[in-house]
Amino acid sequence: MDILDSVVIGAGQAGLSASYHLTRLGIRHVVLDADDRPGGAWQHRWDALTMRDVHGVAELPDDAAPPRDDERANVAVPATFAAYERAHGLPVVRPVRVDRATDDDDGILVVHAGDREWRTRTIVNATGTWTHPFLPHYPGMETFLGDQFHTVDYPGPEYFRGKRVLVVGGGASAVQFLGAIAPIAETVWATRREPVWRTDDFTPEAGAAAVALVEQRVAQGLPPESVVSVTGLMLREQEREAERLGAYADRRPMFERIEPDGVRWADGTFERVDVILWATGFRPAIAHLAPLHLRSAAGGIQLDRNGRGTTAVADPRIQLVGYGPSASTIGANRAGRAAAKGVQRSLATRTVPAP
Ligand code: FAD
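The model shown is predicted, which means the values in this text are computed figures rather than measured ones.

Some remarks on the overall build of the chain
Scanning the chain for helices and strands turns up seven helices and 17 strands. A principal-axis box enclosing the C-alpha atoms of the chain has dimensions of 75 × 40 × 40 Å. The proportion of buried residues among the 355 residues of the chain is 50%. Pairs at least 24 apart in sequence give 64% of the contacts found in the chain among residues at least 6 apart. Charge separation in the chain, taken as the distance between the mean sites of 39 positive and 45 negative side-chain charges, equals 4 Å.

Observations concerning the sheet that holds strand 4 (residues 92–93)
The strand order 4-3-2-8-17 describes an open sheet built from five strands, whose pairing is parallel. Looking at which strands have only one partner, the edges of the open sheet turn out to be strand 4 and strand 17 (318–320). When strand 3 (residues 29–32) meets strand 4, the two strands line up parallel, connected through two bridges. For Leu 32, the partnering residue across the bridge sits in strand 4 and is Val 93. Packed on one face of the sheet, helix 1 (residues 13–24) meets strand 2 (6–9), strand 3, strand 4 and strand 8 (123–125) and runs near 170° to strand 3. Strand contacts of helix 7 (residues 329–349): strand 2, strand 8 and strand 17, with the helix running at about 175° to strand 17, the strand carrying the most contacts.

Re the domain arrangement of the chain
Structurally, the chain comprises domain 1 (3–131 + 282–349) and domain 2 (141–197 + 233–278). Relative placement of domain 1 and domain 2: their C-alpha centres are 33 Å apart. With nine residues of domain 1 at the interface, the matching set in domain 2 holds 10 residues. Where domain 1 packs against domain 2, one counts zero salt bridges. The tally of links from domain 1 across to domain 2 stands at four residue pairs in polar contact (both at pLDDT 80 or more). A breakdown of the residues in the side of domain 1 that touches domain 2 according to their chemical character gives six nonpolar, one polar and two charged.

Re the pairing of strand 6 (residues 109–113)
Moving residue by residue along a regular strand, the side chains alternate between the two faces of the sheet. Among the five residues of strand 6, five are classified as buried, and the element is accordingly described as predominantly covered. Across the two faces of strand 6 the burial is the same, with Leu 109, Val 111 and Ala 113 and Val 110 and His 112 all buried. Where strand 5 (residues 100–103) hands over to strand 6, the hairpin turn is made up of five residues, of which Gly 107 adopts a positive phi near 80°. Summarising the sheet, strand 6 and strand 7 (residues 116–120) pair through five bridges and their orientation is antiparallel. The residue of strand 7 that forms the bridge with His 112 is Glu 117. Linking two consecutive strands that pair antiparallel, namely strand 6 and strand 7, is a turn of two residues; a positive phi of about 60° is found at Gly 114 within it.

Parameters and conventions
- Residues numbered from 1 in each chain as written.
- Predicted model: local features only at pLDDT ≥ 70, side-chain atom pairs only at ≥ 80, totals over all residues.
- Heavy atoms only, no water.
- Helix = DSSP H or I, 4+ residues; strand = E, 2+ residues; numbered from the N terminus.
- Buried < 20%, exposed > 50% of the residue type's maximum accessible area, 1.4 Å probe, protein only.
- Contact = heavy atoms within 4.5 Å.
- Lys, Arg positive; Asp, Glu negative; His and termini not counted.
- Charge placed at Lys NZ, Arg CZ, Asp CG, Glu CD.
- Pairing = 2+ DSSP bridges.
- Axes fitted to C-alpha atoms, helices over the stretch in contact; angles between N-to-C directions.
- Domains from an automatic or database assignment.
- Salt bridge = Lys/Arg side-chain N within 4 Å of Asp/Glu carboxyl O.
- Polar contact = N/O pair within 3.5 Å; in protein donor to acceptor, adjacent residues only side chain to side chain.
- Nonpolar A, V, L, I, M, F, W, Y, C, P; charged D, E, K, R; others polar.

Now the structure itself:
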């Protein structure tokens, strides 16, 4: 069977950037993507999220960023990605959901999707986090009679009108949901840790410092935290009405258990709620890489260059982009370039199996 020089898994911002740079370096590859259409995770964002609401989508290499206007993000970004794939002739194959990557005895990697397989010398993993939502478990969760949503299935603010809503989570999504829901519903906010608010402007230096914190974790092989979780929270114009209504001031530490009509706080008092919205984040979607044994004893995948690189320390044939410090659109772009160089290095140093 034909052996490719690289297989990129995932066609979001990270995968497209990697494919662009691989193409420029003349490296023969395919991009396998689980979705039916271009757009990565952006095609699945809720309808109410406009380009003005997003924190900022960086441009892909050699392209312009989608405009910050009132267009829906789940339309504008997929349209930009689709045009980009066409303009640069990127070899995306979809829908292909990779279920496993293995190493055969002659040093060739095999990427499996059902009964299809691709043989390759290197892999660039760019599968993001959207397909791996994190839902913590609390006692009594299954007894709750109201609705529970995770960020992945957020139905938009109108669904919550007139209800009593518990928003769980201390990240940017929780802040954004409260901003949209508090003006039309009663809200309660619960977080595990005291939220850290930024009052200063979010300068490039502050961004770099936040990314450096995630790099340190990845350098030690720890599971990465999201970049947003270390940047601190900020309120934007869209959230000022909710702030005025006290939605952020009234934050509680996590409840102890869930009951059919609400939650029980640690002090024994009960809170009736109609809906629980779990804005509890995501984890890297990397289960398909398990057979390659890349994880360190600390539970994460250690990357080279003190966590600033994209090459897996455990196996330099594997690059990870959009993982840890590069899990933002700007980070994913840069990582795509670094990964293509990493692939080039790996191909140059490979030992040719004896005939
Ligand atoms: P994705 O866009 O998730 O693309 C991954 C691709 O891999 C998908 O197409 C998927 O189908 C495919 N895939 C997954 N598993 C497999 C598999 N097993 N086989 C084959 N294909 C697979 N970042 C910003 O910079 N600005 C923002 O404003 C911003 N807003 C955000 C809002 C939310 C609600 C969330 C959750 C994240 C946000 N981020 C933002 C983070 C941002 O989404 C990511 O950093 C970036 O878009 C992720 O790009 P990616 O290419 O790594 O992953």
